[in-house]
Amino acid sequence: MNIGIVYATFAFFCWGLFPLYFHAIGEVPAMEILAHRMLWSLLFLGLVLTARQQWKWLPQVWRKPRVLASFVASAVLLTANWFVYIWSVNNGHVIDASLGYFINPLINVLLGLLVLKEKLRRGQWIAIGVAASGVLWLTWSAGQLPWIALILGLTFGGYGLLRKTAALAALEGLSLETMLLFPLALAYVLWLTAHGQNTFLNTPYDSTRWLLAAAGPITAIPLVMFAAGARKIPMSVLGLLQYLSPSMQALLGVWVFHETFPQARLIGFVIIWAALALYVAEGLWASRRAK
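Residues numbered from 1 in each chain as written. Predicted model: local features only at pLDDT ≥ 70, side-chain atom pairs only at ≥ 80, totals over all residues. Heavy atoms only, no water.

A. Fine view of the UniProt feature "domain: EamA" (unreviewed entry) in the protein. Here the UniProt-annotated "domain: EamA" (unreviewed entry) positions come out as residues 3-139. Secondary structure within residues 3-139 divides into 82% helix and 0% strand; the distance between the first and last C-alpha atoms comes to 39 Å. (UniProt positions renumbered as here; feature names shortened; annotations may be inferred. Helix = DSSP H or I, 4+ residues; strand = E, 2+ residues; numbered from the N terminus.)

Dropping the structure here:
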């Protein structure tokens, strides 16, 4: 088996369980969780790089403005994705967040068309059209765009594209992203501390402190595995594996967090699931035909 498939599957399985983690620290505001994810991730990654004596790449990167610019872009997309996802889980929108990752594989296809100049087959165009109709139905039935899903799908799709074409390997790339985000995160946590609003210091629960500190490995390990997998397998395979994560999240939203799932939303999800089924079936058919 391609080791990239193993890496990516592990990452998506971990992300599928993320609602349980963020729900456990629901007392912490989303922005503060985001800051702690950045701080503890850099600490964890720094320990890993030190243990592996793997710092030689860093001085060279600072002399390459184009490489830095690409990682600034990926860091911004990652930050936006993290914040919207954390906010969604902590405000009872786990199912809406899962929709974003259902849509994301088709966004990957579009990005491949627009950026990598990949050609789409007729079946892929039909799948994208069906998914778009599902988004339009959700928009019409709810009276507003499913903005949570669209932001999550677009930001993570863009992040995956940048990491697939990145000049650095998985561990080094994520370390550079967290280094770029670290000053902002540290400044925000210091501001919270100065105003007596640092939950890490003020909470009466030691479990909350431990869970916030665990944000480092919990964040970094799946991202490193995802980036490593993305470099070794095609975008189409990466998109197929990604269905694992939103499926788990949607089930948690309904069964564990008891979110409402009215008929209108179910219809929209069914349309998008049909688009994904069409996309998978068309890909399998094309693969067999090529063989």
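Let us keep going from here.
B. Unusual backbone geometry, seen in detail. One non-glycine residue, glutamine 53, lies in the positive phi region at around 50 degrees. Its location among the elements puts glutamine 53 in the loop between helix 3 (30-51) and helix 4 (57-61). For glutamine 53, a relative accessible area of 70% corresponds to the exposed category. For histidine 258, which is not glycine, the phi torsion reads 55 degrees and is therefore positive. One can find histidine 258 in the loop between helix 14 (244-255) and helix 15 (263-290). (Buried < 20%, exposed > 50% of the residue type's maximum accessible area, 1.4 Å probe, protein only.)

C. Expanded view of helix 15. Along its 28 residues, helix 15 runs 40 Å from first to last C-alpha, staying within 8% of the 40 Å computed at 1.5 Å per residue. Buried residues of helix 15: Arg265, Gly268, Phe269, Ile272, Ala275, Leu276, Tyr279, Glu282 and Ala286, and no others. (Expected span 1.5 Å × (residues − 1).)

D. Local environment of the nonpolar core. By size, the foremost hydrophobic cluster in this structure holds 61 residues, and its most contacted members are Trp15, Phe22, Trp57, Tyr85, Leu174 and Phe226. In this structure phenylalanine 226 touches Ala11, Phe12, Trp15, Phe156, Tyr159, Gly160 and Leu238, once residues within four positions along its chain are discounted. Ala131, Ala275, Leu276 and Tyr279 belong to the second-largest nonpolar core, a separate cluster that totals 23 residues. (Core = buried A, V, L, I, M, F, W, Y, C linked by side-chain atoms within 4.5 Å. Contact = heavy atoms within 4.5 Å.)

E. Structural view of the side chain of glutamate 259. Structurally, glutamate 259 is set in the loop between helix 14 and helix 15. No salt bridge is formed by the buried glutamate 259; the nearest opposite charge belongs to arginine 265, separated by 4.6 Å. At a separation of 2.7 Å, a polar atom in the side chain of glutamate 259 contacts the main-chain amide nitrogen of valine 94. Of the polar contacts made by the side chain of glutamate 259, one reaches the backbone nitrogen of isoleucine 95; its length is 3.1 Å. (Lys, Arg positive; Asp, Glu negative; His and termini not counted. Salt bridge = Lys/Arg side-chain N within 4 Å of Asp/Glu carboxyl O. Polar contact = N/O pair within 3.5 Å; in protein donor to acceptor, adjacent residues only side chain to side chain.)

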